[in-house]
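In case you want the letters, here they are:
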Amino acid sequence: MKFKTVAAIVAGMFISAAVHAVPIVNTNVRPVVLGATPAGEQSLQTVLNSVFGTGAVSAANNQSAAGLWGSATGSATTIPTLIIEQTGGAASQKFGMWFGTDTSSIYTVDLFFGGAVGAPNTLQQSAVGIGIGDGQMIISAGPTFQSACGTQVNCGLFSNALINPDSFGFYFATGAGKIAYSIDSLNQGGVTDFLAFQGGTSTNWIFAFEDGTDNDFQDMVVKVESIQVPEPGSLALLGLALAGAAAASRRKQKQA
């Protein structure tokens, strides 16, 4: 099977509720107002400046409403990198990817564990390299000093019919059970706890997490390379394909 490489993962989890399937709708409205940065911490704007260059991307005005991405390359290795964590819950926070088109069938895969770290020196940042093909994903530790399998990074191979290299979202999670998906409608109460920023017209993105209520969005910041927003037409076709795969899976479960 030919793999597409992108960013990330292995503890996968399949969420299947005993309800009628509800299509996932991107309800993201951006920009949102950012809160004040706590004393002694870097602001989200400072973090963006360190990645994209001073003033290249505005934390206040360049927030993307995108909630789904796909692989932008079929050959180059892609490495998601943990840039910074500024919260008391850093030791239990996670970052991962999700797949699916309806709320009754979402497959999630952790990418960074709580032991992952961010740092000014790129060799001290936790990183992951992955390959994604239809229905399969392979994950390995990135080429840095802080990318240990099992404690900082999920490493391995796993399979699920929902895994698709052309449509996936991301999420942050706290040790207390809060999950912030890249599409607001999946979050409890539809709140915005996940912001996305594109580096100009490149395939490099920054994802920023709010783990509380102060809306500073710099509690965990991750860079992901070689991804792009899918075309609307391809998303429609993907939705039909995944709906069929999910239905087939449920039929098999009932027959078992």
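Since the model is a prediction, treat every value here as computed from it, not as a measurement.

**Student:** Please give an account of the nonpolar core that cites residues and values.
**Tutor:** Most often, soluble globular proteins have nonpolar side chains that are buried together. Formed by 33 residues in total, the largest nonpolar core has its most connected members in Trp69, Phe95, Phe99, Phe112, Met137, Phe170 and Phe207. For this core, the secondary structure elements donating two or more residues are strand 5 (94–102), strand 6 (105–112), strand 7 (128–133), strand 8 (136–141), strand 10 (169–173), strand 12 (194–198), strand 13 (205–209) and strand 14 (220–224). Counting residues per element, this core draws most heavily on strand 6, which supplies four residues. The next biggest cluster of nonpolar side chains, apart from the first, holds 14 residues, and it includes Phe52, Val57, Ala59 and Ala208.

**Student:** Any chance you could break down the state of the cysteines for me, citing the residues and the numbers?
**Tutor:** A complete count under the given rule lists one disulfide for this structure. One disulfide bridge connects Cys149 with Cys155, the sulfur atoms lying 2.0 Å from each other. Its torsion about the S-S bond being -80°, the disulfide of Cys149 and Cys155 is classed as left-handed. For Cys149, a relative accessible area of 48% translates into the label partly exposed.

**Student:** Tell me what's going on with the pairing of strand 10, and back it up with residues and numbers.
**Tutor:** In terms of residue burial, strand 10 counts as a mostly covered element, since five of its five residues are buried. Burial of strand 10 is two-sided: the residues Gly169, Tyr171 and Ala173 facing one way and the residues Phe170 and Phe172 facing the other way are all buried. Bridging between strand 10 and strand 11 (residues 179–181) involves three bridges; their strand directions are antiparallel. Paired with Ala173 across the two strands is Ile179, which belongs to strand 11. Taking the residues that link successive antiparallel strands as the turn, the strand 10-strand 11 hairpin has five residues, and the phi of Gly177 there is positive, at about 100°.

**Student:** Break down the layout of surface pockets for me, citing the residues and quoting the values.
**Tutor:** When its volume is computed, the largest pocket comes out at roughly 370 Å³. Around the largest pocket, the lining is made up of 20 residues, and of these Ile83, Ala119, Pro120, Thr122 and Gln125 lie nearest the centre. Every element with two or more residues in the lining of the largest pocket is listed here: helix 1 (44–52) and strand 4 (81–85). For the lining of the largest pocket, the element with the highest residue contribution is strand 4, accounting for four residues. A per-class count over the lining of the largest pocket returns 10 nonpolar, seven polar and three charged.

**Student:** How would you summarise the sheet that holds strand 13 if you had to cite specific residues and measurements?
**Tutor:** The strand order across the open sheet built from four strands is 4-14-13-12, with neighbouring strands paired in antiparallel fashion. The strands lining the two open edges of the sheet, one partner per strand, are strand 4 and strand 12. For this sheet the average axis-to-axis angle between neighbouring strands, irrespective of direction, equals 20°. Looking at chain direction, strand 13 and strand 14 are connected through five bridges and run antiparallel. Considered in strand 14, the bridge of Trp205 is made with Val224.

**Student:** Account for the environment of Ser104, with residues named and values stated.
**Tutor:** Among the secondary structure elements, Ser104 is positioned in the loop between strand 5 and strand 6. The sequence separation of Ser104 and Ala21 amounts to 83 residues, and the corresponding C-alpha distance is 5.2 Å. Reaching out from Ser104, the side chain makes a polar contact with the side chain of Asp102 at a distance of 2.5 Å.

**Student:** Hey, could you go over unusual backbone geometry for me, with residue numbers and the actual values?
**Tutor:** Between Arg30 and the following residue, Pro31, the backbone shows a cis peptide bond with an omega angle of 5°. Looking at the element boundaries, Pro31 is found in the loop between strand 2 (12–16) and helix 1. Here Phe217, not a glycine, exhibits a phi torsion of approximately 55°, which is positive. Following the sequence through the fold, Phe217 ends up in the loop between strand 13 and strand 14. A relative accessible area of 1% means that Phe217 is categorised as buried. Here the phi dihedral of Ser226 falls at roughly 60°; this positive angle occurs in a residue that is not glycine. Mapped onto the fold, Ser226 is located in the loop between strand 14 and strand 15 (227–228).

Quick notes on the rules
Residues numbered from 1 in each chain as written. Predicted model: local features only at pLDDT ≥ 70, side-chain atom pairs only at ≥ 80, totals over all residues. Heavy atoms only, no water. Core = buried A, V, L, I, M, F, W, Y, C linked by side-chain atoms within 4.5 Å. Buried < 20%, exposed > 50% of the residue type's maximum accessible area, 1.4 Å probe, protein only. Helix = DSSP H or I, 4+ residues; strand = E, 2+ residues; numbered from the N terminus. Disulfide = S-S within 2.5 Å. Pairing = 2+ DSSP bridges. 1 Å grid on protein atoms, 1.4 Å probe; cavity = no way out; pocket = protein on both sides within 12 Å on 5 of 7 lines; lining within 4 Å. Points joined across faces, edges and corners; volume = space filled by probe spheres on them. Nonpolar A, V, L, I, M, F, W, Y, C, P; charged D, E, K, R; others polar. Axes fitted to C-alpha atoms, helices over the stretch in contact; angles between N-to-C directions. Polar contact = N/O pair within 3.5 Å; in protein donor to acceptor, adjacent residues only side chain to side chain.

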